[in-house]
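Listed here are the chains, written in short residue letters.
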Amino acid sequence: SFDAPTTIGLFARAYTPAFGANDGFTLKASWQGIEGDGPLGYALDFGWLIPRGVRSTIYPDDMVGGSVQYNTPLCYPDWGASGVVMLKRVRLSLFADTLWGRVPTAEGEPRKWSDATTFGGDLWLDTSWLRLPEQGDLTLRIGCYFDRHEWHKPTFSAGMNLNF
């Protein structure tokens, strides 16, 4: 018979002002509990629980996570090749993420608490291409993340968001 696990999760996010008119903090907190040992019992993951840049696989039953992120614009250059591409804004995002989970151990032993904590930042380049309206802006992201347990091995990432 198939014994499907039961997963319950809670998530909260708050935006707060910071030091200037255009910067701010994003605070996140989350909890997830998994009951049951079906084949998906340890494979369920809501992406908002796993810290950015974690290098190890995490399979806890109960997870508690938190994040603090500071976002600020660095400059508004409005520079580029007219009609082709414009660099509209450069932003910086600094963060610290943590996750605590009860990890399964050997049979008969109590589960132990384990953590995954990361910190780092992203540089965001907001661009406009081919005189498209604002909804067609393309954002490029370059990131560098450090795992608390392996801080000497940074993780680099890059990505893009299209606002359509």
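Residues numbered from 1 in each chain as written. Predicted model: local features only at pLDDT ≥ 70, side-chain atom pairs only at ≥ 80, totals over all residues. Heavy atoms only, no water.

At D78, a residue that is not glycine, the phi angle is positive and equals roughly 40 degrees. Looking at the secondary structure, you find D78 in the loop between β3 (62-75) and β4 (79-81). (Helix = DSSP H or I, 4+ residues; strand = E, 2+ residues; numbered from the N terminus.)

A few words now on the pattern of salt bridges. Under the criterion given, the structure shown has 6 salt bridges. Where D122 meets R141, a salt bridge forms, and the shortest distance between an N and an O atom there is 3.6 Å. Pair noted here: D122 is in strand β6 (residues 112-129) and R141 is in strand β7 (residues 138-147), with a separation of 19 residues, a long-range link. A relative accessible area of 18% places R141 in the buried class. Residues joined in a network through salt bridges with shared partners are R89, R91 and D126. (Salt bridge = Lys/Arg side-chain N within 4 Å of Asp/Glu carboxyl O. Buried < 20%, exposed > 50% of the residue type's maximum accessible area, 1.4 Å probe, protein only.)

On to the pairing of β3, then. As paired elements, strand β2 (residues 24-35) and β3 share 10 bridges and run antiparallel to each other. Considered in β3, the bridge of F25 is made with Y70. Relative to strand β5 (residues 85-103), β3 runs antiparallel, the two being bridged by 12 bridges. Directly across from V64, in β5, lies its bridge partner W100. (Pairing = 2+ DSSP bridges.)

A few words on the packing of aromatic side chains. Under the defined criterion, the tally for this structure stands at 5 aromatic pairs. For the ring pair F25 and Y70, a centre distance of 5.2 Å and an interplane angle of 50 degrees mean the geometry is tilted. A residue pair is termed long-range when its members are at least 10 positions apart, and F25 in strand β2 and Y70 in strand β3 qualify at 45 residues. A relative accessible area of 19% means that Y70 is categorised as buried. Judged by centre distance (5.5 Å) and plane angle (20 degrees), the rings of F119 and F146 are stacked. Separated by 27 residues along the polypeptide, F119 in strand β6 and F146 in strand β7 bring together distant segments of the chain. Judged by relative accessible area, F119 falls into the partly exposed class, the value being 40%. For F146, a relative accessible area of 24% gives the class partly exposed. Taken together through their ring pairs, the aromatic side chains of F19, F25 and Y70 make up a single cluster. The ring centre of F95 lies 3.7 Å from the NZ or CZ of R52, which sits over that ring. (Phe/Tyr/Trp six-rings, centres within 6.5 Å; stacked < 30°, edge-to-face > 60°. Lys NZ or Arg CZ within 6 Å of the ring centre and 35° of its normal.)

Looking now at the pairing of strand β1 (residues 6-17). Relative to β2, β1 runs antiparallel, the two being bridged by 12 bridges. Its bridge partner being in β2, A14 is matched across the sheet by L27. The hairpin formed by β1 and β2 contains 6 residues between the paired strands.

So far we have only geometry, and geometry alone does not tell us how the molecule works.
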